[in-house]
Amino acid sequence: MPPLPDSVARRRTFAIIAHPDAGKTTLTEKLLLYGGAIQLAGAVKARGEQRRARSDWMKVERERGISVTASVMTFDYDDCTFNLLDTPGHEDFSEDTYRTLTAVDSAVMVLDGAKGIEAQTRKLFEVCRLRDVPIVTFVNKFDREARDPFDLMSEIEEALALDVTPASWPIGMGRDFLGCWDLFGDRLVLTARSHGDHVDQGIACQGLDDPKLDQLLPPTALAKLREDVEMAQGLCPEFDRDSYRGGHMTPVYFGSAINNFGVRELLHGLARLAPPPRSQPAEPRTVMPDEDRVTGFVFKVQANMDPNHRDRIAFLRLCSGHFRRGAKLRHVRTGKTMAVNNAVLFLARDRELAEDAWPGDIIGIPNHGSLRIGDTLTEGEELRFTGVPSFAPEHLQRVRLDDPMRAKHLRKALDHFAEEGASQVFKPLTGADWVVGVVGPLQFEVLAARIEAEYGLPVRFEGAGVDSARWIECRDDVALKKFVAANRVSLAEDHDGALVFLARNSWQLNRAQEDHPEVRFLKTREQNRKVETSAY
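Rules and cut-offs
Residues numbered from 1 in each chain as written. Predicted model: local features only at pLDDT ≥ 70, side-chain atom pairs only at ≥ 80, totals over all residues. Heavy atoms only, no water. Helix = DSSP H or I, 4+ residues; strand = E, 2+ residues; numbered from the N terminus. Contact = heavy atoms within 4.5 Å. Pairing = 2+ DSSP bridges. Axes fitted to C-alpha atoms, helices over the stretch in contact; angles between N-to-C directions. Core = buried A, V, L, I, M, F, W, Y, C linked by side-chain atoms within 4.5 Å. Buried < 20%, exposed > 50% of the residue type's maximum accessible area, 1.4 Å probe, protein only. Salt bridge = Lys/Arg side-chain N within 4 Å of Asp/Glu carboxyl O. Phe/Tyr/Trp six-rings, centres within 6.5 Å; stacked < 30°, edge-to-face > 60°. Lys NZ or Arg CZ within 6 Å of the ring centre and 35° of its normal. Arc of directions from axis to C-beta. pLDDT = per-residue confidence, 0-100.

Caption draft 1: Expanded view of the environment of Ala-257. Its place among the elements puts Ala-257 in the loop between strand E14 (249-254) and helix H10 (263-273). Separated by 117 residues in sequence, Ala-257 and Asn-140 have C-alpha atoms that sit 6.4 Å apart. Ignoring anything within four residues of it in the chain, the contact list for Ala-257 reads Thr-26, Leu-27, Lys-30, Phe-138, Asn-140 and Val-263.

Below is the structure:
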């Protein structure tokens, strides 16, 4: 077994962020294809046979063609071990995406070559900026008509306040797309067809003046390539690794994921440029990846990945130490010690037992609800990783069950989904109906479909007459009791038992804040951090 620093240096843990329909899921599958994890896009290689197991593993994802939950895929390429976290692109599932981005060391931003930066791309980029996450840009769909590369790079620079440098340069676009010039490797990469599929063919050259280019490219295309590259090199700064890893510069690759073009260069670039596991913020100290003792935090919980077994998997980002199967780890929130004997590594919904793992790796720990989002596991040290948030929902509805006799089953289902963190579940202090809160309205549709598919409970969501939810924080017992007495009909408890104010409208929220200045109304809170309230 290699020493820890070498094992850490080989890890590349990254996420792919994009606006819906920019080609994120297609790029994910092609990265797996080049990484040897799958034999065909959409087919996983498992014990000598092919079987369907796309990164979109939920039934609703396959039906709609969108990603609505984060998934993890591990593969090896170019002497590196990659942990790829595929995030939901739809804005209605941005909370899952935000928490996933707390577990990565870098990101690939995918842009549609015809559309450039879109709304959800900008939002996800801002999340990355909060943590100074290094970003590599992949401009996709150059096999179709696209915008001028200079315009696209200028938009990235101006809209995102990033220094931009091209890592490759497209030769034509649409029907005239011939390939790219690899600026970092001084290579010509041409598109070619092999058994009906597009493949990229790399040809080493001695710069753009190499005579062999005259035989490989049409004169007009070659002249434009030389002119464009000369202009790009004159206008754009040289690539600076420190600036990129500090989150200030992005190298830009051009290609076509659906045609397998440019994906190999992107993957090679990630292996050479992307940072290995970084330090992680924690209380009372920062955790470094080369420490000997195992630490990690749960950034995601997924129920019913296998509906036949009602399983619940906690996704743990390892931050330090060498994890070995059977390790005894302290669950800091409860103070209990747990033996981790059955941790798994992922390829979307496929899994294999994790005999060992290193910082940067993502392991899944099967459990029955003991592990929650934001939990910290250590080899005994009392510390807590920070920065894993919970957001106040923007849409709230009551959930109705067609068969009232199955109310206990509904409560169990809602508890499971609250543990996943994709929805908030509130039990009013007065009244019997549960109120469900989500970031985006599409989540109600997905939640209803999953409750019926996974628990056999047909449900419907109806208006709750609630405009917003805020967690309550108050350290003054007298002030808190006064607030509760005045607002009991508008109060509820969340899944963790924290007190929540459900406001009918903005006027009621503003009035409550004015009438009770000792009370704080929180839009976000740290996962599993106790909100300061006394008994009420």
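Caption draft 2: How the structure looks around the sheet that holds strand E29 (residues 424-428). Taken together, 8 strands build an open sheet; the order of strands is E31-E28-E30-E29-E33-E34-E32-E35 and the sheet is antiparallel. Only two strands of the sheet have a single partner each, and these edge strands are strand E31 (459-463) and strand E35 (520-522). Geometrically, the sheet is characterised by an average inter-axis angle of 40° between neighbouring strands, direction not taken into account. Sheet strands touched by helix H14 (residues 506-515): strand E32 (468-473), strand E34 (499-503) and E35. Its angle to E34, the strand with the most contacts, is close to 130°.

Caption draft 3: Seen up close, the nonpolar core. Trp-169, Trp-181, Phe-254, Phe-323 and Ile-363 are the most contacted members of the largest nonpolar core, which totals 85 residues. Here this core gets 6 residues from one element, more than from any other, and that element is strand E17 (residues 312-320). Ranked by size, the runner-up nonpolar core spans 30 residues in total, among them Phe-14, Tyr-34, Phe-75 and Ala-271.

Caption draft 4: Structural detail: the pattern of salt bridges. Tallying each qualifying case throughout the model produces 22 salt bridges. Note that Asp-228 is salt-bridged to Lys-224, the shortest N-O span being 3.3 Å. Linking Asp-228 with Lys-224, this pair stays in helix H8 (residues 219-235), spanning 4 residues, or about one helical turn. Take Asp-228: its relative accessible area is 10%, and that puts it in the buried class. Looking at Lys-224, the relative accessible area reads 47%, which means it is partly exposed. Residue Arg-400 pairs with Glu-462 through a salt bridge whose shortest N-O separation is 2.9 Å. Note that Arg-400 is positioned in strand E28 (residues 395-401) and Glu-462 in strand E31, a separation of 62 residues in sequence. Taking the relative accessible area as the measure of exposure, Arg-400 reaches 27% and is therefore partly exposed. With a relative accessible area of 28%, Glu-462 lands in the partly exposed category.

Caption draft 5: Structural detail: unusual backbone geometry. Between Glu-283 and the following residue, Pro-284, the backbone shows a cis peptide bond with an omega angle of 10°. Mapping Pro-284 onto the fold places it in the loop between strand E15 (282-283) and strand E16 (295-303). For Asp-21, which is not a glycine, the phi torsion comes out positive at approximately 75°. Among the structural elements, Asp-21 can be located in the loop between strand E1 (11-18) and helix H2 (24-34). Here Asp-21 falls in the exposed class, since its relative accessible area comes to 62%.

Caption draft 6: View of the packing of aromatic side chains. Scanning the model with the defined rule gives 16 aromatic pairs in all. When the ring of Phe-297 is compared with that of Phe-385, the centres are 5.5 Å apart and the planes differ by 45°; the resulting orientation is tilted. Placement of Phe-297 in strand E16 and of Phe-385 in strand E26 (residues 384-385) is noted, with a sequence separation of 88 residues between them. Given the relative accessible area of 3%, Phe-297 is considered buried. When its relative accessible area of 2% is taken as the criterion, Phe-385 is described as buried. On the numbers, 5.8 Å between centres and 55° between planes, the contact of Phe-483 with Phe-501 is tilted. Here Phe-483, found in helix H13 (residues 477-487), pairs with Phe-501, found in strand E34; they are 18 residues apart in sequence, far enough to count as distant. On the basis of relative accessible area, Phe-483 is assigned to the buried category, the value being 0%. Residue classification places Phe-501 among the buried positions, given a relative accessible area of 0%. Of the aromatic side chains, those joined through ring pairs into one cluster are Phe-142, Phe-150, Trp-169, Phe-177, Phe-254 and Phe-261. The positively charged end of Lys-300 is found above the aromatic ring belonging to Phe-315, 5.7 Å away from the centroid.

Caption draft 7: Region of the structure containing the pairing of strand E20 (residues 336-340). Bridge analysis of strand E19 (residues 327-331) against E20 gives 5 bridges, and the strand direction is antiparallel. Paired with Leu-329 across the bridge in E20 is Met-338. Counting the residues in the hairpin turn of E19 and E20 gives 4 residues, including Gly-335, whose phi is positive at 80°.

Caption draft 8: Examining H14 more closely. Turning to H14, its buried residues are Gln-508, Leu-509 and Ala-512. Projection of H14 onto a plane perpendicular to its axis shows the buried side chains occupying an angular sector of 100°, all on one side. When the buried face of H14 is taken as reference, the exposed residues oriented beyond 90 degrees from it are Trp-507 and Glu-514. In this structure, the buried side of H14 is in contact with E32, E34 and E35.

Caption draft 9: Structural context of the confidence of the model for the protein chain. Averaged over every residue, the pLDDT of the protein chain is 84; the share at 70 or more is 85%. Ranking the helices and strands of the protein chain by mean pLDDT puts strand E25 (residues 376-378) first, with 97, and strand E4 (residues 49-52) last, with 36. In this model residues 41-57 is a low-confidence stretch, pLDDT under 50, and it forms 53 contacts with partners more than four residues away in sequence or in other chains. Counting contacts from residues 194-199, a segment whose pLDDT is below 50, to residues more than four positions away or on other chains yields 10 contacts.

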